[in-house]
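# Reading the structure
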Amino acid sequence: MSKTLQAIRGMNDILPDQSPLWRYFEGTVASLLDGYGYRQIRMPIVEATELFKRSIGEVTDIVEKEMYTFDDRNGDSLTLRPEGTASCVRAVLEHGLSNNGQVQKLWYIGPMFRHERPQKGRYRQFHQIGVEVFNLAGPDIDAELILLTWRLWGVLGIRDAVTLELNSLGTSEARATYRNALVDYLAVRGEQLDEDSKRRLATNPLRILDSKVPETQALLVDAPKLANYLDDESQVHFDGLKARLDAAGIPYVINTKLVRGLDYYSKTVFEWVTDQLGAQGTVCAGGRYDGLVEQMGGKPTTGVGFAMGIERLILLLETLQQVPEAINRQVDVYLCALGEAAELEGLALAERLRDQLPGLRLQVNAGAGNFKTQLKKADKSGALYALVMGEDELVQQVIGFKPLRGQGEQDNIAWAGLSQHLAACLKQA
Ligand code: HAM
């Protein structure tokens with residue numbers, strides 16, 4: 001017997017039972033972003049491998065060991081995008097969207113691919129909603145990004161479970177000076193470093209700061225601090241951001257070890273973390289990348305953004321039981337009909353109702369069955385009301401109107417007045 005085919009490890013189906021929650025989450029974020037004046041951009045899922053190497057950095061975990069890279073039939077090296085910022089910058093440059101200092105406030109949604117070890121909250125295909133802003137250099141826009149995520153946590157009912165961690169990486173010059181100081185400090189203590197950190201000392205020493213190995217962390221206690229190497233401009237920017245967050249009453253903690261796993265950041269970096277999901281606690285992360293557009297071949301253009309992991313936020317909503325009851329109701333009304341003539345009239349009536357009440361979620365029974373069976377299906381559908389059409393109703397030009405959730409008795413309603421009656425009942429529901 002042939003083996004049953006399965007989805008690729010770390011790549012998940014989102015089944016119909018889960019979809020309402022995804023749609024609720026995505027819809028909530030989309031309308032919030034609309035409300036702040038962000039416009040959606042949609043980029044391809046596959047890009048030239050070179051794009052990610054140049055933007056994310058050759059010696060990052062993502063580029064070194066996590067990308068899904070393959071040669072296409074022309075022999076070009078392509079990669080399934082591991083994140084959205086690089087593609088967004090590429091698209092902005094390619095279409096001149098940031099020319100002449102034009103401000104762009106963009107957002108995107110979609111699948112990303114990283115060959116990581118799958119576990120709860122960490123997958124090989126996962127989904128992000130990301131935001132990127134171009135040509136706004138001040139801390140006011142950094143603050144706006146944080147404010148809008150804070151509002152989102154409020155709308156979703158998860159504010160109490162997330163903490164904002166904030167740091168500034170300074171300009172690339174300041175970081176280079178700091179990098180040298182850190183390497184000098186660690187080089188003489190090299191033997192005490194864990195294997196990963198030893199390797200990073202030569203390639204990407206700042207990443208040693210967020211090592212999870214206790215001995216390495218102990219070694220870092222007396223290491224030079226990035227905060228002491230910040231250039232004036234970055235310090236002023238960071239103070240400006242903190243002042244705005246203080247004024248808006250948004251709590252945060254400064255985490256001087258927050259360096260992020262992608263190379264393009266400068267100045268502000270931040271992460272929203274939760275302790276409710278185990279090891280994969282970062283639900284949203286981002287920062288400023290003022291040098292990236294130029295590095296990718298464009299004119300100097302500032303950039304700042306973030307991306308949130310949809311799977312992690314959905315897990316958090318479930319963990320905190322913040323899934324609104326109403327999103328699981330997919331059907332308002334279920335129409336049952338018994339006998340061919342009643343079925344025909346029922347179908348026509350249903351179409352008239354759809355004309356009269358746009359947005360009505362009406363399911364017409366299919367697959368026949370006696371009234372008992374049909375009413376069982378009506379109940380299971382989650383509908384608030386069943387409409388019942390039999391021989392008698394047909395003759396009298398009425399329909400049985402049966403509340404399914406204990407909102408009163410069954411009644412007969414004339415066809416002519418049905419849409420009005422239904423609209424009034426649904427409004428109250
Ligand atoms: P990132 O920190 O690599 O940043 O990812 C952002 C978020 O995506 C994470 O905080 C997490 O919620 C989610 N995420 C990442 N990897 C996985 C995974 N394997 N499984 C599930 N969720 C995951 C970026 O991607 C940057 N492009 C963010 C950004 C935008 N910075 C500036 N603009």
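Preceding this paragraph is the structure being described.
Residues numbered from 1 in each chain as written. Predicted model: local features only at pLDDT ≥ 70, side-chain atom pairs only at ≥ 80, totals over all residues. Heavy atoms only, no water.

## Some details on empty space enclosed by the protein
One water molecule sets the probe size; rolling that probe over the atoms shows where empty space is left. Going through the model one piece at a time under the given rule, you end up with one cavity of 30 Å³ or more. The volume enclosed by the largest cavity comes to roughly 40 Å³. Forming the walls of the largest cavity are Val59, Thr60, Asp61, Glu64, Arg199, Arg200, Thr203, Asn204 and Arg207. Contributing elements (two or more residues each) for the lining of the largest cavity: α3 (61–66) and α7 (195–203). Looking at which element gives the most residues to the lining of the largest cavity, the answer is α7, with three residues. Partitioning the lining of the largest cavity into residue classes produces one nonpolar, three polar and five charged. (1 Å grid on protein atoms, 1.4 Å probe; cavity = no way out; pocket = protein on both sides within 12 Å on 5 of 7 lines; lining within 4 Å. Points joined across faces, edges and corners; volume = space filled by probe spheres on them. Helix = DSSP H or I, 4+ residues; strand = E, 2+ residues; numbered from the N terminus. Nonpolar A, V, L, I, M, F, W, Y, C, P; charged D, E, K, R; others polar.)

## Observations concerning the site of the ligand
Near the ligand lie 26 residues; those nearest to it are Glu83, Thr85, Glu116, Glu132 and Tyr265. Between glutamate 83 and the ligand, the recorded distance is 2.5 Å, taken from a side-chain N or O atom to a nitrogen atom. A total of 660 Å² of accessible area belongs to the ligand in isolation, and the protein chains cover 96% of it. Of all elements in the fold, only β6 (125–134), β10 (282–288) and β11 (303–309) reach the threshold of two or more residues within the shell around the ligand. (Near = heavy atom within 4 Å. Polar contact = N/O pair within 3.5 Å; in protein donor to acceptor, adjacent residues only side chain to side chain. Areas by Shrake-Rupley, 256 points an atom, 1.4 Å probe, with all protein chains shown as cover.)

## Thoughts on the layout of surface pockets
Roughly 270 Å³ of internal volume is contained in the second largest pocket. In terms of lining, the second largest pocket is formed by 16 residues, of which the most central are Arg175, Arg179, Asn204, Leu206 and Asp263. The greatest single-element share of the lining of the second largest pocket, amounting to four residues, is contributed by helix α6 (residues 172–187). Broken down by class, the residue content of the lining of the second largest pocket amounts to seven nonpolar, four polar and five charged.

## Some words on the packing of aromatic side chains
Overall, the coordinates contain eight aromatic pairs when judged by the stated rule. Of note, arginine 189 hangs over the ring of tyrosine 185, and the distance from its end group to the ring centre comes to 3.8 Å. (Phe/Tyr/Trp six-rings, centres within 6.5 Å; stacked < 30°, edge-to-face > 60°. Lys NZ or Arg CZ within 6 Å of the ring centre and 35° of its normal.)

## Topic: the sheet that holds strand β13 (residues 362–364)
Taken in spatial order, the five strands make up an open sheet running β13-β12-β14-β15-β16, and their pairing is mixed. The sheet terminates laterally at β13 and β16 (411–414), the two strands that pair on one side only. For this sheet, the mean inter-axis angle between neighbouring strands, taken without regard to orientation, is 30°. As defined by bridge partners, strand β14 (residues 385–389) adjoins strand β15 (residues 398–403) across four bridges and the pair is classed as antiparallel. Pairing of alanine 386 across the sheet is with lysine 402, part of β15. Against the sheet, helix α13 (residues 371–381) contacts β12 (333–337), β14 and β15, and its axis sits at roughly 170° relative to β12. The sheet strands contacting helix α15 (residues 418–428) are β12, β14, β15 and β16, and the helix crosses β15 at an angle near 10°. (Pairing = 2+ DSSP bridges. Axes fitted to C-alpha atoms, helices over the stretch in contact; angles between N-to-C directions. Contact = heavy atoms within 4.5 Å.)

## Overview of the packing of helix α1 (residues 19–35) against helix α11 (residues 310–319)
For the pair α1 and α11, interaxial distance at closest approach is 11 Å and the crossing angle is 110°. When the axis of α1 is compared with that of α11, the two are roughly perpendicular. The segment α1 lies against α11, with Leu21, Trp22, Tyr24, Phe25 and Glu26 engaging Ile310, Glu311, Leu313, Ile314, Leu317 and Glu318. (Parallel < 35°, antiparallel > 145°, perpendicular 65-115°, else oblique.)

## Looking at the environment of tyrosine 252
Its location among the elements puts tyrosine 252 in the loop between α9 (232–248) and β8 (253–254). According to the relative accessible area criterion, tyrosine 252 is partly exposed, its value standing at 21%. When the C-alpha atoms of tyrosine 252 and tryptophan 272 are compared, they prove to be 9.3 Å apart, with 20 residues separating the residues in sequence. Contact partners of tyrosine 252, with chain neighbours within four places excluded, come to Leu164, Leu166, Lys242, Leu245 and Asp246. At a separation of 3.0 Å, a polar atom in the side chain of tyrosine 252 contacts the side chain of aspartate 246. (Buried < 20%, exposed > 50% of the residue type's maximum accessible area, 1.4 Å probe, protein only.)

## Observations concerning the nonpolar core
In terms of nonpolar packing, the biggest core is built from 89 residues, with Phe25, Tyr38, Ile146, Trp153, Leu186, Trp272 and Met308 touching the most fellow members. By residue number, the principal contributor to this core is helix α5 (residues 139–156), which donates nine residues. With sequence-adjacent residues up to four places away left out, tyrosine 38 is seen in contact with Leu33, Lys105, Leu106, Trp107, Val131, Val133, Ile141, Glu144, Leu145 and Leu148. Counting residues in each nonpolar core, the second largest holds 21 residues, with Ala350, Met389, Leu418 and Cys425 among its members. (Core = buried A, V, L, I, M, F, W, Y, C linked by side-chain atoms within 4.5 Å.)

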